[in-house]
Amino acid sequence: MKPVPWQTGEICGPESAKSLTKADVLKRDLKMCKKPLLIVGSQAFTIKHGKGDMIDYAIALSNAGKIDVIATGGAIKEFVERGFDRAKTMGAMEVAYHLQNPEWVGPFKKGPYDMIMIYGIPYYMEWTLLSAVMNFGTHLTAIALDRYFQPHAKWSFPNMKEKQYHVILDEILELVGGSK
Amino acid sequence: MKKKAYFKADEADTGLGKFKGLEVHIGTIVDDDWDEPMGPTPMPNPTGLRSWDHKLLSRYQPSYMPYCQVCCLCTFGKCDLSGDKKGACGIDIKGQQARIVLAAANIGCSAHLAHARHMVDYLIEENGPRTELIQGPGTEIHAPVARLVTGMRPRTLEDASIILNYCETQLAHTLSATHTGQEGSWLDFESKVLHVGMIDQLSMEIADLAQISTLGFPQADPDAPLVESGMGLMDTNKAIILTIGHNIIPAASITDYITEKHLGDQAEVGGMCCTAWDITRRDPKAKVIGPISWQLRFIRSGKADVVVVDEQCVRTDVVSEAKKVKAPVISTSDKAVFGLPDRSDDPIDDVVKELVSGKIDGCYISDHSMVGEIATRVALELKPKRRKMKFFPTKKQIQKLAEDCKKCSECIRACPNDQPVMEAVLAAQTGNMEPLREVYKNCIGCARCESACPNDYDLHSWMVVAAEADCKDERYMVRTGRGAIQDIEIRNVGQPIVFGEIPGVIAHVGCANYPGGGQDVHDMAEEFAKRRYIIVTSGCAAISAGHVRDENGQSIYERRSGEFDAGCVVNVGSCVSNSHIAGAAIKIAAIFAKRNLRGNYAEIADYIHNRVGAVGISWGAMSQKAASIASGFWRLGVPVIVGPHGSKYRRMLLGDPDDERAWTVYDARTGDRVVTSPAPEHLFYAAETVAEANVLTAKLVIRPNDTAKGRSIKLSHYIDIHETYYGFFPEDVWKYIRRENDIPITLKDKIMAQLKENKWKERRIIDPTLLKEQIVGGGT
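Now for a look at the structure at hand. Quick caveat: nothing in here was measured; it's all calculated off a predicted structure. (Residues numbered from 1 in each chain as written. Chains lettered and ligands numbered in written order. Predicted model: local features only at pLDDT ≥ 70, side-chain atom pairs only at ≥ 80, totals over all residues.)

Next up on the list: helix H10 (residues 348-357) of chain B. Owing to its 3.6 residues per turn, the α-helix aligns residues three or four sequence positions apart on the same side. All names here are of chain B. Val351, Val352 and Leu355 are the residues of H10 that are buried. All buried residues of H10 fall inside an arc of 100 degrees around its axis, so they share one side. Pointing more than 90 degrees away from the buried face of H10 are the exposed residues Asp349, Asp350 and Ser357. Where H10 is buried, its residues meet strand S12 (362-364) and helix H11 (368-386). Following H10 by one or two positions, Gly358 adopts a phi angle in the positive range, close to 85 degrees. (Buried ≥ 20, exposed ≤ 12 C-beta atoms within 10 Å, placed from the backbone. Helix = DSSP H or I, 4+ residues; strand = E, 2+ residues; numbered from the N terminus. Arc of directions from axis to C-beta. Contact = placed C-beta atoms within 7 Å.)

What follows is the structure in structure tokens.
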């Protein structure tokens, strides 16, 4: 069944994300991508994952794939407190703006990026951010790693059950070279 | 001043001879007793300030986040605009997004403008066209927005009407631009957004000026009275009349009737949204129940014996909701009749009888003078039997009902704030009401959870029951709207604001679509008030700011002064009072810098943009009116921050701090092109969290013209707030250092290290302007 947006009113236009029901579907895109960027929102530290939370997951993902992290909405404080220094702070709306520019090198000056992985921003705000990416940042492959379906990504979890969701997150981590 | 004049005489004996049936029409009278020279753009048309708009829009580029990739506005469509496709009319997706933004701003402006028109026409009929417009003592620069935009000094209601004619013409033009096959460029759509925002600001000024002048409101009064506020303060021993909306005229007839008939010990009036502020400005015995999002919970409480609605932001299901608690609804605005029968021409006794008997659910009364008597008599008659009724389920009933929850999650999926409604219902099954109470605290009262529930649970009511004690405890004192800021207050703070020594003016305005409850507004206001920024409030945000008590039981308005000065919290009033916030910024240019205002928009906007560290925050921005209010501030060069739901306006106006060209200005003294700090960095921005909003606010008050001392003070706050909320020293401080004496002395080592790391070079402190014509000698 085709996934539907988590917030019922947030339906989209003619194009919609593909359902991320197993980690393997990302293999091809991950192999093709040269420069991914991980965007982590303010809600990440409220979402549990394994023995930690989704900030810990971001750190693991970043370490595994040598991925730059942009923390939005003040999430940077969590990274700073955990001694992680591959994260920079930007606003979600600033990120949405800059991602439309294929030459944007980002706050690390290591871009341009060709893939984003994103989670932890309030659902409707991530929805709008990804709309900017889908419509004007067409050089990017967007993977939404929240549990709830984000139709403007290329790949998104389809409002998945929590247990299964965390299993696949771990598989994705392994896919980029990390371990649980 | 331009105005039309007409007079008629049955017989006139003049030096030219005797005339019978004399009628004289005069097209224009030029009022020459004002020695301020007329500026270049009196009453500009939609392209009159296009050049200024394009300057702003080249620095602050629209960042579109389409809500929809199709256009469905004409029968060519739906047109798929995704990718690089164009619609049948030729429009692309950027143009379409800008068009939708313009449509929203037009809708917002139309609401304020129609409100102003109704108010002025009504007051002319009541008081005559020559009724004087008075902003209050110490406001010699009277109606600053009108002066700036039109070149007129509106002295009478008749003048106000002329200005509204201009506004109506402009709105017709900007609205027509959204029609199929009109404007096609996103840039020019956006320019028109700014134009209609300016028109909105002007119409708001006229609306508030008219009511301040005629209805006994505080007039530029820093000591405007403290009034009672909160659901818990409504006295159920009296008949309660609830007024909802923005237009005081019908509500005023109620308070007048109660006063005139000495019924104050038997009936009381409470308001929600801006009507609440305006009735308390007129009658401090009236009460501010709460912001717009509270209307459903108060109606459902059954406390209101009659509901009187006027216009804007009224729940469109108000009649069916009020019917559930057997409270009749009186509609008073032709803009919001709600399908009710028109009883304006019927005898009052008959109307009262039918409303009390329940024969009709409500009625439309267009004659405002009737509203006071009908509403009061109905409330008084209904009160005794209504007080015996129970409208909410008991906690036991909720527990029982909750057992049938289907666990479908539809309530959560419908909630705009993703509140754990279903988990709270499941907890209620065990008699634990605490989770429902927690949801209440963050609930914005939309009741979408109820609409989605397959069991038709009255979930919003359940939350209110769970939070019964909190509702009773909602008792606050809030300062009602003072109106304009006095010239003397501006004179006292103008220099420290322009030099940056008062670090900023922060305005909390707008609606109550908060991501996490109204306390955030209070906390943000307090964070900056304690740092001696000037805090201004209006509308629903002004209510929410006052709905928090400190350890001494005082609200922010009781703790802080209402005088426009460092550390104050000044409530200007209702939505239309937002114009006084713009007016204060405009008056700084006139009083401190002695700039001419008259028809001189671009110069003054350039002055404000470069010198006045003002930031607007609308944490719960929801409406199209909020969009048009923001647009008016953008055209003045004042940045606006909205809460995360504001991202749904689907367009931000963002600067790129790394693009030096965008931050290049003229030095008015020399004509040199000079790169300045990226300040203010953005013009419109949706912040994800309070933390982000606070950090951004501290940064957005920075202006190119700050003195070294002022810049140093602003940076000290920015750094401190950044460290508090983000946990580390900001990495972009070096961009804001022009010379070493900009550096806060206690942070010198850290900043010097950052300057070195970024190969910083000293820059001049200049007299900044975006306008070539402002260069000494005219830039030629």
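The next subject is the interface of chain A and chain B. Contacts between the two partners involve 34 residues from chain A and, on the opposite side, 33 residues from chain B. Every element with two or more residues in the side of chain A that touches chain B is listed here: helix H3 (76-81), helix H4 (92-98) and helix H5 (123-136) of chain A. By residue number, the principal contributor to the side of chain A that touches chain B is H5 of chain A, which donates 9 residues.

What follows deals with unusual backbone geometry. For the peptide bond that leads from Gly111 of chain A to Pro112 of chain A, omega is 0 degrees, which places it in the cis range. On the secondary structure map, Pro112 of chain A appears in the loop between H4 and strand S7 (115-119). Positioned with a positive phi, Ala143 of chain B is a non-glycine residue whose angle comes to about 55 degrees. The topology assignment puts Ala143 of chain B in the loop between helix H2 (93-127) and helix H3 (144-150). We classify Ala143 of chain B as buried; it has 28 C-beta atoms within 10 Å. Phi at Asp456 of chain B takes a positive value of approximately 55 degrees, unusual for a residue other than glycine. Residue position: Asp456 of chain B is located in the loop between helix H16 (448-452) and helix H17 (459-466).

Our focus in this paragraph is the packing of helix H23 (residues 578-591) of chain B against helix H24 (residues 601-611) of chain B. Residue and element names in this part refer to chain B. Here H23 crosses H24 at 100 degrees, and the two axes come no closer than 10 Å. With respect to H24, the axis of H23 lies roughly perpendicular. Contacts between H23 and H24 involve Ala585, Ile586 and Ala589 on the former and, on the latter, Ile604, Tyr607 and Ile608. In terms of residue class, the contact of H23 with H24 is built from 6 nonpolar, no polar and no charged. (Axes fitted to C-alpha atoms, helices over the stretch in contact; angles between N-to-C directions. Parallel < 35°, antiparallel > 145°, perpendicular 65-115°, else oblique. Nonpolar A, V, L, I, M, F, W, Y, C, P; charged D, E, K, R; others polar.)

This paragraph deals with the nonpolar core. Ranked by internal contacts, the top residues of the largest apolar core, which has 304 residues, are Ile116 of chain A together with Ile206, Ile241, Val306, Val307 and Val308 of chain B. Every residue in contact with Val308 of chain B, bar those within four places of it in the chain, is listed here: Ile241, Leu242, Thr243, Pro250, Ala251, Ile254, Ile330, Thr332, Val371 and Ala375 of chain B. Among the nonpolar cores identified, the runner-up in size contains 5 residues, and Cys71, Cys79, Leu81 and Ile91 of chain B belong to it. (Core = buried A, V, L, I, M, F, W, Y, C linked by C-beta atoms within 7 Å.)

Turning our eyes to something else, we now look at the sheet that holds strand S2 (residues 36-40) of chain A. Each strand in a sheet pairs with another by means of backbone hydrogen bonds, the pair being arranged parallel or else antiparallel. Residues and elements named next belong to chain A. The strand order S1-S9-S8-S7-S2-S5-S6 describes an open sheet built from 7 strands, whose pairing is parallel. Whereas interior strands pair on both sides, the edge strands pair on one side only; in this sheet they are strand S1 (18-19) and strand S6 (87-89). In the sheet, strand S8 (residues 141-144) pairs with strand S9 (residues 155-156) via 2 bridges, with the strands oriented parallel. Across the sheet, the residue bridging to Ile143 is Trp155, located in S9. (Pairing = 2+ DSSP bridges.)

From the geometry alone we can't say anything about function, so treat these as descriptive.
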